[in-house]
Amino acid sequence: MVSDNGGSVYATPSIAGEPVRVGPTTVRAGACSWADRSLVTEGSFYPRRSMSARARLAWYCEKLPLAEVTATYRFPPTPELAAQWAERTPESFAFDVRAWSLLTGNPTFPDSLWPDLQGAVRPARRERRRLYASHLPAEVLDECWARFSHALGPLRRSGRLGAVVLQYPTWFSPRPETWGELALLPSRLPGFALAVELRSSKWFEGDACEATLEWLEERDIALVCVDGPGVVPPVVAATSDLAVVRFAGRRQRDDEPWGWSTYPYRYREDELAEWVPKIADLASSARQVHLLMDNCWRSDAVDGATTLLRLMAQLGKERPPAG
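**A look at the overall build of the protein chain**
Here comes step 1: Helix and strand content of the protein chain: eleven helices and eleven strands.
Here comes step 2: For the protein chain, buried positions account for 52% of its 323 residues.
Here comes step 3: For the protein chain, long-range pairs separated by at least 24 residues make up 72% of all intrachain contacts whose partners lie at least 6 apart in sequence.
Here comes step 4: Carbon and sulfur atoms make up 49% of the accessible area of the protein chain, which amounts to about 15100 Å² in all.

Below you can see the structure in the form of structure tokens.
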């Protein structure tokens, strides 16, 4: 049992919010944050705004079977924090973890680098407001990968870790050096389920699309399919035993042609229903499907995840059992 700050008592769930079975495939849906400020202070999902962090996570687990940890994009996790996530969730719950920005070539907060590695930043780059992988010697970057992998150890050993999700920037387009970077992933994160989000459309233009999908499938790396502004039509394909879909909202910014910095967007049920046959297709090729609602504003993401699970459950009832 756990208590919130107001004294109310909440039970730690013995099982998570139930995933859905579509034939032999398990479909999970969840939000990309269970502790987003607007969700906690303005949303209608939690029964009390004053709930403790432990009580909030317990409540979330009662309702949904999946969450993406996005804070790890800005700052790498610690083994102690990963152990807390594992200890505070039931065995049937799953976390997808977003990779630290430094590992995918994105701009990174300099103070997110471990203090004992700060001195390794190339002298000419130490006063910059953003840190990039190229600012570090190769051996130090290798150490960053190793520490990130080590930090997720408790989550992985507990069976709670779904996939490490690696988001690559729009400049990361198909070239020999980027293919080479992707090829290193299995050795940098050995034994982890990996999912890559490729934001450059060049990976999917013309013949490049088939080549990209075949390459990922050969290496058992999941492609993150995206529903978002500027992604028309979305590429929907399962390239590993795990299929992943990110719902980023459909409201596009005028100054962001790809729309990756999203405004609040609440999916209508008919918009999510458009994905039911697509998710069913993914389920026919994968053993697990993860649906990540990244429209984190108030209760939009958790409500969308709940709706997706309901829609997929209805489909599962309509379909005869496999065999």
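After that view, the rundown keeps rolling.
**Quick look at unusual backbone geometry**
Here comes step 1: Within the chain, Asp-220 stands out as a residue other than glycine whose phi angle is a positive 55°.
Here comes step 2: With respect to the helices and strands, Asp-220 occurs in the loop between helix 8 (207-218) and strand 9 (222-227).
Here comes step 3: Even without a glycine there, the phi angle at Arg-298 is positive, about 50°.
Here comes step 4: With respect to the helices and strands, the residue Arg-298 is situated in the loop between strand 11 (288-293) and helix 11 (300-318).
Here comes step 5: Among the residues examined, Arg-298 registers a relative accessible area of 39% and is labelled partly exposed.

**Quick notes on a negative patch on the surface**
Here comes step 1: Together, Asp-207, Glu-210, Glu-214 and Glu-217 give the surface a local cluster of negative charge.
Here comes step 2: In this structure, Glu-214 sits in helix 8.

**Regarding the pairing of strand 9**
Here comes step 1: Within strand 9, six of the six residues are buried, which leaves it mostly tucked inside the rest of the structure.
Here comes step 2: Here strand 9 shows two buried faces, one formed by Ala-222, Val-224 and Val-226 and the other by Leu-223, Cys-225 and Asp-227.
Here comes step 3: Sheet topology note: the strand 8 (residues 194-198)/strand 9 ladder contains two bridges and is parallel. When the sheet's bridge partners are listed, Ala-195 is paired in strand 9 with Ala-222.
Here comes step 4: The parallel pair strand 8 and strand 9, bridged by helix 8, forms a crossover whose chirality is right-handed.
Here comes step 5: Looking at chain direction, strand 9 and strand 10 (residues 242-247) are connected through four bridges and run parallel. Directly across from Val-226, in strand 10, lies its bridge partner Arg-246.

**A word on the side chain of Thr-70**
Here comes step 1: Turning to its location among the elements, Thr-70 is positioned in the loop between strand 5 (66-69) and helix 3 (79-87).
Here comes step 2: Contact partners of Thr-70, with chain neighbours within four places excluded, come to Cys-32 and Arg-98.

**As for the pairing of strand 4 (residues 25-31)**
Here comes step 1: The element strand 4 is extensively covered by neighbouring structure, given that seven of its seven residues are classed as buried.
Here comes step 2: Judged by which residues are buried, strand 4 turns out to be covered on both faces: Thr-25, Val-27, Ala-29 and Ala-31 on one side and Thr-26, Arg-28 and Gly-30 on the other are all buried.
Here comes step 3: With three bridges connecting them, strand 3 (residues 20-22) and strand 4 associate as antiparallel partners. In the sheet register, Val-22 faces strand 4, and the bridge partner there is Thr-25.
Here comes step 4: A loop of two residues connects strand 3 with strand 4, the two strands running antiparallel in sequence, and Gly-23 in this loop sits at a positive phi of about 65°.
Here comes step 5: Across two bridges, strand 4 lies against strand 5 in parallel orientation. Its bridge partner lying in strand 5, Gly-30 is registered against Leu-66.

**A few points about the packing of aromatic side chains**
Here comes step 1: Inspection of the entire model under this criterion finds 16 aromatic pairs.
Here comes step 2: Consider the rings of Tyr-168 and Phe-172, whose centres lie 4.2 Å apart with planes at 25°: the pair is stacked. Pair check on accessibility: Tyr-168 and Phe-172 agree, each one buried.
Here comes step 3: With a centroid separation of 6.0 Å and an interplanar angle of 25°, the aromatic rings of Phe-172 and Trp-203 are classed as stacked. You can see Phe-172 sitting in the loop between strand 7 (161-168) and helix 6 (176-183) and its partner Trp-203 sitting in the loop between strand 8 and helix 8, a full 31 residues away along the chain. For the pair Phe-172 and Trp-203, a shared accessibility class is recorded, and that class is buried.
Here comes step 4: Taken together, Trp-34, Phe-45, Tyr-46, Tyr-60, Trp-85, Phe-93 and Phe-95 form an aromatic cluster joined through their ring pairs.
Here comes step 5: One Lys or Arg, Arg-147, reaches over the ring of Trp-114 and ends 5.4 Å from the middle of that ring.
Here comes step 6: Lying over the aromatic face of Phe-192, Arg-156 brings its terminal NZ or CZ to 4.5 Å of the ring centre.

**Observations concerning the environment of Ala-133**
Here comes step 1: Position of Ala-133 relative to the elements: it lies in the loop between strand 6 (94-98) and helix 4 (138-151).
Here comes step 2: With relative accessibility at 19%, the residue Ala-133 sits in the buried group.
Here comes step 3: For the pair Ala-133 and Ser-101, spaced 32 residues apart in sequence, the C-alpha separation works out to 9.2 Å.

Quick notes on the rules
- Residues numbered from 1 in each chain as written.
- Predicted model: local features only at pLDDT ≥ 70, side-chain atom pairs only at ≥ 80, totals over all residues.
- Heavy atoms only, no water.
- Helix = DSSP H or I, 4+ residues; strand = E, 2+ residues; numbered from the N terminus.
- Buried < 20%, exposed > 50% of the residue type's maximum accessible area, 1.4 Å probe, protein only.
- Contact = heavy atoms within 4.5 Å.
- Areas by Shrake-Rupley, 256 points an atom, 1.4 Å probe, with all protein chains shown as cover.
- Patch = residues over 30% accessible without salt bridge, like charges linked within 9 Å, V, L, I, M, F, W, Y side chains within 5 Å.
- Salt bridge = Lys/Arg side-chain N within 4 Å of Asp/Glu carboxyl O.
- Lys, Arg positive; Asp, Glu negative; His and termini not counted.
- Charge placed at Lys NZ, Arg CZ, Asp CG, Glu CD.
- Pairing = 2+ DSSP bridges.
- Right-handed = clockwise from strand over helix to strand, strands pointing away.
- Phe/Tyr/Trp six-rings, centres within 6.5 Å; stacked < 30°, edge-to-face > 60°.
- Lys NZ or Arg CZ within 6 Å of the ring centre and 35° of its normal.

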